[in-house]
Amino acid sequence: MNPDPGGLTIDIDDRELTVTMTGGAQWTLPVGPATLVDGELERADTPHPAQLTNALGVVHDHFDDILVVAPIVAAAPSIEFRGRHAVGLAQVEIGSDAVSGRAVVQRADVDEVFRTLVSESVADRTHNPGLPADQVETIIATCCVVLAIVRRLDLTSLTISGAGD
């Protein structure tokens, strides 16, 4: 659990996100990396800008549903993304599968990973150091999940951990 008072923990599952605020409030969003790949990203080999915009927008809209019922979430001072999809993103960012424990990642670095990956075909993505083979098709969607929320909260960094797997 995120130790920061008011911090958020987001467990990324294939088809849903579980958002937990320190103190106990919890919400489930019906969107995850596999949902975006099957939906907005349309399993495109190299997603078009409109598909990426739609994927980011879907996550943003679902997250905004939380903000309507709990505006205090917008003031979250920190965020931790957990689960295998989150760890896969950290592995690509550092270029190694040797991510252990928790990793603090800068938003600008996630943006850079996103910009790099969206220009690559699925076949080219397989050559990224650290990217698990089972996440080659979902890594862009994982970036969309993370970036939509971090951008919405205007945070400059995030924490990634494998907890919650």
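### Observations concerning helix α4 (residues 107-118)
Compared with the 16 Å implied by 1.5 Å per residue over twelve residues, the 17 Å span of α4 between its first and last C-alpha is a close match. Among the residues of α4, those classed as buried are Val110, Asp111, Val113, Phe114, Leu117 and Val118. Viewed along the axis of α4, the buried residues span an arc of 160 degrees, placing them on a single side of the element.

### Re the nonpolar core
Within soluble globular proteins, side chains that are nonpolar tend to cluster in buried spots. In terms of nonpolar packing, the biggest core is built from 54 residues, with Phe63, Ile79, Phe81 and Ile149 touching the most fellow members. Ranked by residues supplied to this core, first place goes to helix α6 (residues 139-153) with twelve residues. Discounting residues that sit within four places of it in the chain, Phe81 has contacts with Ile10, Ile12, Ala86, Val146, Ile149, Val150, Leu158, Thr159, Ile160 and Ser161.

### What to know about the pattern of salt bridges
Evaluation of the coordinates by the stated rule reveals twelve salt bridges. Between Arg152 and Asp64 there is a salt bridge, with its nearest N and O atoms 2.7 Å apart. Placement of Arg152 in helix α6 and of Asp64 in helix α2 (residues 49-69) is noted, with a sequence separation of 88 residues between them. The salt bridge involving Arg115 is made with Glu112; its shortest N-O contact spans 2.9 Å. In this pair, Arg115 and Glu112 both sit in helix α4, three residues apart, roughly one turn of the helix. Judged by its relative accessible area of 48%, Arg115 is partly exposed. One network of salt bridges, in which partners are shared, links Arg15, Asp38, Arg43 and Glu137.

### A look at the packing of helix α3 (residues 84-94) against α6
Relative orientation of the contacting elements α3 and α6 amounts to 100 degrees, with a least axis distance of 10 Å. On the basis of the axis angle, α3 is roughly perpendicular to α6. Where α3 abuts α6, its residues His85, Ala86, Gly88, Leu89 and Val92 lie against Ile139, Thr142, Cys143 and Val146. Of the residues contributing to the contact of α3 with α6, the split by class is six nonpolar, three polar and no charged.

### Let's talk about the side chain of Thr20
As for its placement among the helices and strands, Thr20 is situated in strand β2 (residues 17-21). On the basis of relative accessible area, Thr20 is assigned to the buried category, the value being 6%. Looking at Thr20, its side chain comes within polar contact range of the side chain of Gln26, at 2.9 Å.

### Focus: the sheet that holds strand β4 (residues 79-82)
Backbone-to-backbone hydrogen bonds pair the strands of a sheet. The strands run either parallel or antiparallel. Taken in spatial order, the six strands of this open sheet run β3-β2-β1-β4-β6-β5, and their pairing is mixed. Strands at the two margins of the open sheet, each flanked by one partner only, are β3 (26-29) and β5 (102-106). Averaged over all pairs of adjacent strands, the angle between strand axes in this sheet comes to 25 degrees, irrespective of strand direction. When β2 meets β3, the two strands line up antiparallel, connected through four bridges. In the sheet register, Val19 faces β3, and the bridge partner there is Trp27. Together, β1 (8-12), β4, β5 and β6 (157-161) form the strand contacts of α3, whose direction differs from that of β6 by roughly 115 degrees.

### Things to note about the environment of Pro30
Relative to the helices and strands, Pro30 resides in the loop between β3 and α1 (33-38). Residues Pro30 and Leu8, 22 residues apart in the sequence, show an inter-C-alpha distance of 18 Å. Look past the residues within four positions of Pro30 in its chain and what remains in contact with it is Arg15, Thr35 and His62.

### A few points about unusual backbone geometry
For residues other than glycine, phi is negative in most cases, and the peptide bonds are mostly trans. Here the phi dihedral of Glu42 falls at roughly 50 degrees; this positive angle occurs in a residue that is not glycine. Within the secondary structure, Glu42 is located in the loop between α1 and α2. Positive phi is not limited to glycine here, since Arg43 has a value of about 50 degrees. Of note, Arg43 is situated in the loop between α1 and α2. For Arg43, a relative accessible area of 52% puts it in the exposed group.

Quick notes on the rules
- Residues numbered from 1 in each chain as written.
- Predicted model: local features only at pLDDT ≥ 70, side-chain atom pairs only at ≥ 80, totals over all residues.
- Heavy atoms only, no water.
- Helix = DSSP H or I, 4+ residues; strand = E, 2+ residues; numbered from the N terminus.
- Expected span 1.5 Å × (residues − 1).
- Buried < 20%, exposed > 50% of the residue type's maximum accessible area, 1.4 Å probe, protein only.
- Arc of directions from axis to C-beta.
- Core = buried A, V, L, I, M, F, W, Y, C linked by side-chain atoms within 4.5 Å.
- Contact = heavy atoms within 4.5 Å.
- Salt bridge = Lys/Arg side-chain N within 4 Å of Asp/Glu carboxyl O.
- Axes fitted to C-alpha atoms, helices over the stretch in contact; angles between N-to-C directions.
- Parallel < 35°, antiparallel > 145°, perpendicular 65-115°, else oblique.
- Nonpolar A, V, L, I, M, F, W, Y, C, P; charged D, E, K, R; others polar.
- Polar contact = N/O pair within 3.5 Å; in protein donor to acceptor, adjacent residues only side chain to side chain.
- Pairing = 2+ DSSP bridges.

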